[in-house]
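Okay, here's what each chain looks like letter by letter:
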Amino acid sequence: MSESTPTTAESRRLAQDARARVRFEEEALELSDQVYRVARRMVNSREEAEDLVQQTYERAFRSWRQFTPGTNLRAWLLRILTNLNIDRGRRQQRTPQTTTLDGELGDYFLYNKLESTAPEQNPDEDRVLERLSQDSIVDALADVPHDFRDVIVLVDIGEFSYADAAQILDIPIGTVMSRLHRGRRILKKNLADSAVAP
Amino acid sequence: MIDDPCDKCEEMMQPYLDGALSEDEVREAERHLEGCSWCQKRYKFEERLRHYVRVAVSEQMRPELKAKLAALRTPLQ
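What you see is a predicted model, and the numbers here were worked out from it, not measured in a lab.

Remarks on the interface of chain B and chain A
- With 28 residues of chain B at the contact, the number on the chain A side is 32 residues.
- Those elements giving two or more residues to the side of chain B that touches chain A turn out to be α1 (5-17), α3 (37-57) and α4 (63-70) of chain B.
- Counting residues per element, the side of chain B that touches chain A draws most heavily on α3(B), at 12 residues.
- Per-class residue counts for the side of chain B that touches chain A are 13 nonpolar, four polar and 11 charged.

What follows is the structure in structure tokens.
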């Protein structure tokens, strides 16, 4: 009987390990819709997003032991996804551009523009929003340069905190804030340009 | 540097909606907003815009991909 003890302990450990792995994989899969939603707007096509998400899960499942239980799994998955996206060489496609927006267009710019061209006097906010079609919003976001767009996608679409976005993108939190600020202004400028005529 | 209270309020809009202002700054912004319907309108618009953008750009994952991801799971022994 005594010979069987180590084997029992070993098999118990293996069973525990298998359970932890199954749990990890289930939890990661539950987040896949959210991961895809972010991925889809970080790249330009559905196919690219699908490839990226698949590779992310392949890598995550391979290196599941590196994840610290109790920490933010969604952020961990997005970190993998972002690194894979960089590996794909997309950084070479476009680098952050110095825009001339700052100082020229404030944060009220889009509303001011839409309101000033509205057919009625003093329209309410929803009427003003209706001037933006879904397609125009998708295009306006796609036209924001990558480095600004990634931050908008993580914070505004993925609803990550500044701190999580900083960790995912491996940039300082101050850079997250400044890119977000400028990125949103670029987005609004694009939206203003594409607004449906009254 | 910014003298016009509405310009100041405009500068505070993004961090205000992100919950990134200090308590003092929040109070300052809210004090101004209470008496300024012009800024109030723009804050409301920004809030709705963010929601509107989030909904507009959200695309569902195809079931095919979902199935592929599920197939990546480690087979149970």
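Regarding α1(B)
Residues and elements named next belong to chain B.
- Along its 13 residues, α1 runs 18 Å from first to last C-alpha, staying within 8% of the 18 Å computed at 1.5 Å per residue.
- Of all the bends in α1, the largest measures some 35 degrees and sits at Glu11, one to four residues before the proline Pro15.
- Within α1, burial applies to Cys9, Met12, Met13 and Tyr16.
- Taken together, the buried residues of α1 touch α2 (23-35) and α3.
- Phi for Gly19, located one or two positions after α1, is positive at around 70 degrees.

Let's talk about the environment of Pro69(A)
- Here Pro69(A) lies in the loop between α3 (46-62) and α4 (73-87).
- Taking the C-alpha atoms as reference points, Pro69(A) and Asp170(A), 101 residues apart in sequence, are found 21 Å from one another.

Remarks on the confidence of the model for chain B
Residue and element names in this part refer to chain B.
- Mean pLDDT for chain B: 91, with 96% of residues reaching 70 or above.
- Confidence, expressed as mean pLDDT per element, reaches its minimum in chain B at α1 with 92 and its maximum at α4 with 97.
- Two numbers describe this predicted complex: its pTM, 0.86, and its ipTM, 0.87.

Description of the domain arrangement of chain A
Residue and element names in this part refer to chain A.
- Per the domain assignment, the segments of chain A are domain 1 (4-92) and domain 2 (109-194).
- Relative placement of domain 1 and domain 2: their C-alpha centres are 29 Å apart.
- Across the boundary between the two partners, domain 1 contributes 12 residues, which contact 13 residues of domain 2.
- Those elements that place two or more of their residues in the side of domain 1 that touches domain 2 are α2 (32-42) and α4.

What counts and how
Residues numbered from 1 in each chain as written. Chains lettered and ligands numbered in written order. Predicted model: local features only at pLDDT ≥ 70, side-chain atom pairs only at ≥ 80, totals over all residues. Contact = placed C-beta atoms within 7 Å. Helix = DSSP H or I, 4+ residues; strand = E, 2+ residues; numbered from the N terminus. Nonpolar A, V, L, I, M, F, W, Y, C, P; charged D, E, K, R; others polar. Expected span 1.5 Å × (residues − 1). Bend = angle between axes of the 7 residues up to and from the residue. Buried ≥ 20, exposed ≤ 12 C-beta atoms within 10 Å, placed from the backbone. pLDDT = per-residue confidence, 0-100. Domains from an automatic or database assignment.

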